[in-house]
Amino acid sequence: MKARRIKDIEKYSDQWVALDKSRTRVIIAGKNFQKVYEEANKKAKKSSFMKVPRLDAAFVGK
Amino acid sequence: MSLKKFYYTRFPIVNSKGHKIAEIARPLVEIILNYKHGSMVGPINALPDSGADYNLFSSSICPTLGISLRKGKKFSVVGISGEEIITYRHYGISIFIEGYKFETFIDFSDHYQDTPILGQQGFFDKFKSIKFSRVKEEIILEH
């Protein structure tokens, strides 16, 4: 199994997050993509961005 | 032939008290977006969804890309709930995946705020094959 897990991701349900270069830790989080994007780019290079799904429900497609 | 490989991402499912009750794995891929020679935005994690007809993204990404949402072509899409949502289609968007670039279109919506979805038209049709291995927890994109 090579799937990644993101540390403490349950704290960020339904938020945009910036992940560090290892893609396993959240460095910035918030409701607004642009703010998260701008803050992350000031703070760190090689960030990756993710909209964390709602973690109180599974997804079955739109 | 060139292959791009990504691994699944695992997420906990929690109950109303925040306790983990299950775990799911999603085949997310990292994409970088560019609109009409603006800045490169990303990488953003997006979900290749073979059951989706089109690419569907939250409108919250539009300002960063330099896109005026309502200048796009208006469409509506229907999800599993049967609910119809209004989308605005924008053309001339480049997607980069580990150096592979293609031009496509994306439907953006104020009414969709979840993980960006990559659908059959505008994403799957840009590759020779897309293989999901649930056992290996990997996605392989061939172009």
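Structure: above.
S.K.: Help me understand the overall build of chain B, please; the structure alone is not making it clear to me.
M.R.: Scanning chain B from N- to C-terminus turns up one helix and twelve strands. In chain B, the succession of α and β elements from N to C terminus is β-β-β-β-β-β-α-β-β-β-β-β-β. Principal-axis analysis of the C-alpha atoms gives chain B an extent of 45 × 40 × 25 Å. Out of the 143 residues in chain B, the part that is buried amounts to 34%. Of the contacts made within chain B by residues no fewer than 6 positions apart, 50% connect residues no fewer than 24 positions apart.

S.K.: I would appreciate a short explanation of the environment of I139(B) in the present structure.
M.R.: Residue and element names in this part refer to chain B. Along the chain, I139 falls in strand β12 (residues 138–142). Classification of I139 as buried rests on a count of 20 C-beta atoms within 10 Å. Expressed as a C-alpha distance, the spacing of I139 and Y7, which sit 132 residues apart in the sequence, is 6.2 Å. Residues in contact with I139, not counting those within four places in the same chain, are F6, P27, V29, P48, I130 and F132.

S.K.: I would appreciate a short explanation of the interface of chain A and chain B in the present structure.
M.R.: Interfaces are often described in size by the accessible area the parts lose on coming together. Taken residue by residue, the interface counts 22 residues in chain A and 35 residues in chain B. When contributions to the side of chain A that touches chain B are tallied by element, the ones reaching two or more residues are β1 (4–5), α1 (33–43) and β4 (48–51) of chain A. Residue contributions to the side of chain A that touches chain B peak at four residues, all from β4(A). For the side of chain A that touches chain B, the per-class residue count stands at eleven nonpolar, four polar and seven charged. Pairing between β1(A) and strand β2 (residues 9–14) of chain B: two bridges, direction parallel. Bridge pairing in β2(B) places R5(A) opposite R10(B).

S.K.: What exactly am I supposed to notice about the environment of I9(A) here?
M.R.: Take I9(A): it is sitting in the loop between β1 and β2 (16–19). Through-space distance from the C-alpha of I9(A) to that of A29(A) is 10 Å; in sequence the pair is 20 residues apart.

The rules behind these values
Residues numbered from 1 in each chain as written. Chains lettered and ligands numbered in written order. Predicted model: local features only at pLDDT ≥ 70, side-chain atom pairs only at ≥ 80, totals over all residues. Helix = DSSP H or I, 4+ residues; strand = E, 2+ residues; numbered from the N terminus. Buried ≥ 20, exposed ≤ 12 C-beta atoms within 10 Å, placed from the backbone. Contact = placed C-beta atoms within 7 Å. Nonpolar A, V, L, I, M, F, W, Y, C, P; charged D, E, K, R; others polar. Pairing = 2+ DSSP bridges.

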